[in-house]
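# Secondary and tertiary structure notes
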Amino acid sequence: MKSLLAALALTTALTIPGIATARPVALTTTLNNYGGDGAYLALYVTDADGAYAGSLWMAGGKSKYYEHLTDWYRATGGDPAQINGITGASVGAGRTLEITLDLADALFDAGYTLHIDAAVENMRDSPNEVAVPLTSEGADNPVGGRRYVASFGYSM
Amino acid sequence: MKRTLTLLVASTALTAAVGLPAWGAMRAMTDGITRPISAIADAEREAVPLMFISDDNDDDDDREYRRASFFGGDDDDEEDDCDDDDCGDPARNPAPAGTVSPPQNGLFGSGTPPKVQVN
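Residues numbered from 1 in each chain as written. Chains lettered and ligands numbered in written order. Predicted model: local features only at pLDDT ≥ 70, side-chain atom pairs only at ≥ 80, totals over all residues. Heavy atoms only, no water.

Here the focus is the pairing of strand 2 (residues 39-46) of chain A. All names here are of chain A. Across the eight residues that make up strand 2, a large majority, eight, are buried. Neither face of strand 2 is left uncovered, since the one carrying Ala 39, Leu 41, Leu 43 and Val 45 and the one carrying Tyr 40, Ala 42, Tyr 44 and Thr 46 both have all their residues buried. Where strand 2 meets strand 6 (residues 113-120), eight bridges bridge the pair, whose relative direction is antiparallel. Paired with Tyr 40 across the bridge in strand 6 is Ala 119. Connecting strand 2 to the next strand, strand 3 (residues 52-59), in antiparallel fashion are five residues, including Gly 50 with a positive phi near 85°. (Buried < 20%, exposed > 50% of the residue type's maximum accessible area, 1.4 Å probe, protein only. Helix = DSSP H or I, 4+ residues; strand = E, 2+ residues; numbered from the N terminus. Pairing = 2+ DSSP bridges.)

Moving on to the interface of chain B and chain A. Every contact between the two is made by 38 residues of chain B and, on the other side, 42 residues of chain A. Buried surface at the junction of chain B and chain A, summed over both partners, amounts to about 3,300 Å²; 54% is from carbon and sulfur atoms. Taken together, the connections running from chain B to chain A amount to zero salt bridges. The tally of links between chain B and chain A comes to 13 residue pairs in polar contact (both at pLDDT 80 or more). The greatest single-element share of the side of chain B that touches chain A, amounting to five residues, is contributed by helix 2 (residues 61-70) of chain B. Of the residues belonging to the side of chain B that touches chain A, the class tally is 14 nonpolar, 12 polar and 12 charged. Note that strand 5 (residues 96-104) of chain A and strand 1 (residues 115-118) of chain B share four bridges and pair antiparallel. In the sheet register, Glu98(A) faces strand 1 of chain B, and the bridge partner there is Gln117(B). (Contact = heavy atoms within 4.5 Å. Buried area = accessible area lost by both parts, 1.4 Å probe. Salt bridge = Lys/Arg side-chain N within 4 Å of Asp/Glu carboxyl O. Polar contact = N/O pair within 3.5 Å; in protein donor to acceptor, adjacent residues only side chain to side chain. Nonpolar A, V, L, I, M, F, W, Y, C, P; charged D, E, K, R; others polar.)

What follows deals with the nonpolar core. All names here are of chain A. Residues Leu 27, Leu 41, Leu 43, Leu 56, Phe 152 and Tyr 154 are the most contacted members of the largest nonpolar core, which totals 43 residues. Counting residues per element, the ones that place at least two in this core are strand 1 (22-31), strand 2, strand 3, strand 5, strand 6, strand 7 (126-133) and strand 8 (149-155). When residues in this core are grouped by element, the largest group, seven residues, is from strand 2. If we ignore the near neighbours within four places in the chain, the residues touching Leu 43 are Leu 27, Thr 29, Ser 55, Leu 56, Trp 57, Ile 99, His 115, Ile 116 and Phe 152. (Core = buried A, V, L, I, M, F, W, Y, C linked by side-chain atoms within 4.5 Å.)

The next point concerns the packing of aromatic side chains. Residue and element names in this part refer to chain A. Scanning the model with the defined rule gives six aromatic pairs over all chains in all. Summarising the aromatic geometry, the rings of Tyr 34 and Tyr 148 are spaced 5.0 Å apart at their centres and angled 75° between planes, so their arrangement reads as edge-to-face. One end of the pair, Tyr 34, is in the loop between strand 1 and strand 2; the other, Tyr 148, is in the loop between strand 7 and strand 8, with 114 residues separating them in the sequence. Between Tyr 66 and Trp 72, the aromatic rings sit 5.6 Å apart at their centres with planes inclined by 80°, giving edge-to-face as the arrangement. Members of the aromatic cluster, each reached through a chain of ring pairs, are Tyr 40, Tyr 65, Tyr 66 and Trp 72. The side chain of Arg 23 reaches across the aromatic face of Phe 108, ending 5.3 Å from its centre. (Phe/Tyr/Trp six-rings, centres within 6.5 Å; stacked < 30°, edge-to-face > 60°. Lys NZ or Arg CZ within 6 Å of the ring centre and 35° of its normal.)

This paragraph deals with the pattern of salt bridges. Residues and elements named next belong to chain A. Summed over all chains, the structure comprises two salt bridges over all chains. One salt bridge in this structure joins Asp 105 and Arg 23, with 2.6 Å as the shortest N-O distance. Remark: Arg 23 occurs in strand 1 and Asp 105 occurs in the loop between strand 5 and strand 6; sequence separation between them is 82 residues. Taking the relative accessible area as the measure of exposure, Asp 105 reaches 23% and is therefore partly exposed. The salt bridge involving Arg 74 is made with Asp 71; its shortest N-O contact spans 3.0 Å. One end of the pair, Arg 74, and the other, Asp 71, are both in helix 2 (residues 70-76), three residues apart, so they sit about a helical turn from each other.

Function cannot be read off these values alone, since they describe shape.
What follows is the structure, encoded as structure tokens:
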């Protein structure tokens, strides 16, 4: 009986961290009615030192336009491998993009910042359109962007 | 008298020998000039109707130019003819969400595909 209890405790202790290391996080981006074509958006994360840590989402499927997402492109060289499986269509003016991702807990309250670069045809590029620290307190507190993003928020 | 007659015959023969080929060449040149001019006149009389070589190109060139000037001078957009470099090398574009797992960059907890919605 005692050994069974010990085995149960051990398996529970091993399983719970595995379950708790990630959680679904909803990222909601609403664009202004800027009066142009669909916007390309790059959502990516930098660490506490400001170094590129990875991409979360790419709105816009044609790699030839990625150079207009200037900060993201500088960090990645436009490498498609960075965004394989996390790429969707560009987002029209006035539309809301809702993405739900299974994100690592380690991203929150650890100095990471989520950035959005934006670009629209025939309009100005907007690197670092949004920059928000990923914290537990920051959840459900939308912020505005500089040019094309009316609001961005994340919820856990 | 005989000598004078001989000189006259000789000069006539010389004139004919030199002058006839020259006169013939001048006629040929004259004909060569007048023939194209008459051909133009004939062409005008026939009045060949104008016709379009191709009229099935619906591209809006002005709009295309406008786009090209923004997106790096390229002449392509997402809906137009497949005449850009991506058409020949689709591997350069990333894999869309749901077709492969998210990248192993440490940001994602598992290989769960993202859910996306645009309203």
